[in-house]
Amino acid sequence: MSATPESALPIRLNVDDSDSPSDVVDALFLGRFATGEQPYSHSSSLDRVRKNATLLPEGAKVLRAARDDDRSATLAEGDGWTLLISRWNRGADVTVTATSAELAHTVLEEATEGAQDEPEPQPDNVTMGFWYVSPRRGPYRTTRQIAAGTWDEVRANYTAPVADAMDRLMKVTPDDIAGRLLLLHGPPGTGKTSALRTLARSWRDWCQVDCVLDPERLFNDVGYLMDIAIGEDDGSAKGRWRLLLLEDCDELIRGEAKHTAGQALSRLLNLTDGLLGQGRNVLVGVTTNEDLERLHPAVVRPGRCLARIEVGPLTRKESVAWLGTEEGLGRDATREGTTLAELYALRRGTGPASVPRQDSGADAGLYL
């Protein structure tokens, strides 16, 4: 008779009110692996898990089950193996420890066979990952379906020089990659984020796009950076590229960043063309509202950037073509142009006096 998980655990657990029952289940699962009783481990991450899928192999005995607000954890065992199931929303992680690698593989296959729903056809959507540091789980990645139009559908949202540059970027393949940094800069409201969503759709056959929700923390937390830089994207074949998106990183890449951001800038550069990025198919996309002249020269040096595109407002002629009318644009011939956010506001019927300018407005946030 094998030892129970709690007796097999070779360490003492210290818990406090910040720990949950799920945390205890996670710790108990490690017992037999830590002692060497079950020295082999196989795991799998699943999306779109069917609601009625138990993820339990036939004959499994449930030892512990815990449910938090956003997660459930189940610990089960069988002859020579132990299983941990962590579920949240429609996703799940399944990990098996066993007395042999073959047994671990067999149990994992049985637990996950037929557990996922077939993906619904969503031709206008693209799967994007979102990284953040969770108080409970540490560095954590989740995925969402994001609406994204084709480049042909949104091309008219950009002034001619930007559209020409984006034409080339949308057609990039892995064989075309020279630099590892993609830089979009320009005033708020000009459509930088919208362009990146469309890029994710154009590249989805060969590149997984992940957005880092807390970039200010990423390059100041080595553990977080390593998890993202070395971690695999879910379910993707080896050799698939990843694009990490860092939005509004003005402080990180402006000229005085070396003095204000400490090692953060150095780590960003190391990820794009230093030792950290070696052997990893990782691109980094950065958006900023800063002018090119204010950016750190190390960021924009030749050879580092795959693309460096200044996204500006549409000219008056382009704005009239976009709106189909001159109404609302005013008569100021010296005005530099109209941002995408302003054009959408005008289309919705917002009066000229309340159209958000380049440095403000909730509407502008949709087209950064």
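In the block above lies the structure referred to throughout.
These figures come from a predicted structure and were not determined experimentally. (Residues numbered from 1 in each chain as written. Predicted model: local features only at pLDDT ≥ 70, side-chain atom pairs only at ≥ 80, totals over all residues. Heavy atoms only, no water.)

Visitor: Could you clarify how one ought to interpret the sheet that holds strand E4 (residues 81-88) in this entry?
Guide: Where strands meet in a sheet, backbone hydrogen bonds hold them as pairs that are either parallel or antiparallel. Spatial strand order, E1-E5-E4-E3-E2: five strands in an open sheet with antiparallel pairing. Taken across any chain shown, the strands that pair with only one partner, and hence form the sheet edges, are strand E1 (40-46) and strand E2 (61-67). Sheet twist, expressed as the average angle between the axes of neighbouring strands with direction ignored, equals 10 degrees. Here E2 pairs with strand E3 (residues 72-78) via six bridges, running antiparallel. If you follow Ala65 over to E3, its bridge partner there is Thr74. Strand contacts of helix H4 (residues 101-112): E1, E4 and strand E5 (91-98), with the helix running at about 25 degrees to E1, the strand carrying the most contacts. (Pairing = 2+ DSSP bridges. Helix = DSSP H or I, 4+ residues; strand = E, 2+ residues; numbered from the N terminus. Axes fitted to C-alpha atoms, helices over the stretch in contact; angles between N-to-C directions. Contact = heavy atoms within 4.5 Å.)

Visitor: Looking at this model, I keep getting lost on the nonpolar core. Mind explaining?
Guide: The tendency in soluble globular proteins is for nonpolar side chains to be buried side by side. Core analysis: the largest hydrophobic core is formed by 35 residues, its most contacted members being Met128, Met166, Leu169, Leu199, Trp203, Leu243 and Ile309. Those elements giving two or more residues to this core turn out to be strand E6 (125-134), helix H5 (151-154), helix H6 (160-170), strand E8 (181-185), helix H7 (192-202), strand E9 (207-212), strand E10 (241-246) and strand E12 (305-310). No other element matches H6, which puts six residues into this core. If sequence neighbours within four positions are ignored, Met128 has contacts with Thr142, Thr143, Arg144, Ile146, Ala200, Gln208, Val209, Cys211 and Leu245. Within the second largest apolar cluster, 20 residues are counted, among which are Leu218, Ile228, Leu244 and Val286. (Core = buried A, V, L, I, M, F, W, Y, C linked by side-chain atoms within 4.5 Å. Buried < 20%, exposed > 50% of the residue type's maximum accessible area, 1.4 Å probe, protein only.)

Visitor: Looking at this structure, how should I read the pairing of E8?
Guide: Among the five residues that make up E8, five are buried, leaving the element largely enclosed by the rest of the structure. As judged from the five bridges shared by E8 and strand E11 (residues 282-288), these two strands associate in the parallel manner. When the sheet's bridge partners are listed, Leu183 is paired in E11 with Val286. In the sheet, E8 pairs with E12 via five bridges, with the strands oriented parallel. Within E12, the residue paired with Leu183 across the bridge is Arg308.

Visitor: Explain unusual backbone geometry to me, please; I cannot follow it from the model alone.
Guide: Backbone phi values are negative for most residues with the exception of glycine, while trans is the configuration of most peptide bonds. Non-glycine residue Arg48 carries a positive phi angle of around 55 degrees. Residue placement: Arg48 occurs in the loop between E1 and E2. The partly exposed category is assigned to Arg48, whose relative accessible area is 33%. One non-glycine residue, Leu55, adopts positive backbone phi at about 65 degrees. Note on placement: Leu55 falls in the loop between E1 and E2.

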